[in-house]
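A closer look at the structure
Each chain is listed here by its residues.
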Amino acid sequence: MSKSCHGLAMELVKCLSESDCVKVEGRPIKECAKEKSPCIPSECVGLRETLFNCKRGQVDMRARIRGNKGY
């Protein structure tokens, strides 16, 4: 992963680790990140979508020429 998306990925991990999905239910972060559970805060869902767009921008040739919208 490039450095432009690294900050978003770390914030998503931090957000998910503080959610009820990990704390209360004791499930791994990777499992909680894949599903749309009601116990995941909307902040984490927004971060997940932003990270997806960041990664997609790394593949898009137009964005690669202009530069990925960094964090």
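Since we're looking at a predicted model, the values are computed, not measured.

Conventions adopted
- Residues numbered from 1 in each chain as written.
- Predicted model: local features only at pLDDT ≥ 70, side-chain atom pairs only at ≥ 80, totals over all residues.
- Heavy atoms only, no water.
- Helix = DSSP H or I, 4+ residues; strand = E, 2+ residues; numbered from the N terminus.
- Contact = heavy atoms within 4.5 Å.
- Salt bridge = Lys/Arg side-chain N within 4 Å of Asp/Glu carboxyl O.
- Buried < 20%, exposed > 50% of the residue type's maximum accessible area, 1.4 Å probe, protein only.
- Expected span 1.5 Å × (residues − 1).
- Disulfide = S-S within 2.5 Å.
- Core = buried A, V, L, I, M, F, W, Y, C linked by side-chain atoms within 4.5 Å.

A tally of helices and strands in the chain yields 5 helices and 0 strands. Sequence separation of at least 24 residues holds for 50% of the intrachain contacts in the chain that already meet a minimum separation of 6.

All right, on to the pattern of salt bridges then. In the structure shown here, the tally under the stated rule is 3 salt bridges. With a closest N to O distance of 3.0 Å, Glu31 and Arg27 form a salt bridge. The class for Glu31 is partly exposed, based on a relative accessible area of 38%. A salt bridge links Arg27 to Glu35; the nearest nitrogen and oxygen atoms lie 2.3 Å apart. A single network of salt bridges, built from pairs that share partners, joins Glu25, Arg27, Glu31 and Glu35.

Right, let's get into the environment of Glu31. On the secondary structure map, Glu31 appears in helix α3 (residues 29-34). The spacing of Glu31 and Cys21 is 10 residues in sequence and 9.2 Å in space, taken between C-alpha atoms.

Spacing of three or four residues puts side chains on the same side of an α-helix, whose turn is 3.6 residues. Compared with an ideal rise of 1.5 Å per residue, which puts 18 residues at 26 Å, helix α4 (residues 42-59) spans 26 Å between its outermost C-alpha atoms and is within 8% of the ideal. When we look at burial in α4, the residues that qualify are Cys44, Leu47, Arg48, Leu51, Cys54 and Gly57.

Under the definition given, this model contains 3 disulfides. Shown here is the disulfide that connects Cys5 with Cys54, its sulfur atoms set 1.9 Å apart. Looking along the S-S bond of the Cys5-Cys54 disulfide, the torsion reads about -95 degrees, which is the left-handed sense. Taken together, the positions of Cys5 in helix α1 (residues 3-17) and Cys54 in helix α4 put the pair 49 residues apart, joining distant regions of the chain. Using a relative accessible area of 5% as the deciding quantity, one classes Cys54 as buried. With its sulfur 1.8 Å from that of its partner, Cys15 forms a disulfide with Cys44.

Turning to the nonpolar core, a few remarks are in order. Within the largest apolar cluster, 15 residues are counted, with the highest numbers of intra-cluster contacts made by Ile40 and Leu51. The set of elements that each furnish at least two residues to this core consists of α1, α2 (20-23) and α4. When residues in this core are grouped by element, the largest group, 6 residues, is from α1. Ignoring any residue separated from it by four or fewer positions in sequence, one finds Leu51 in contact with Cys5, Leu8, Ala9 and Leu12.

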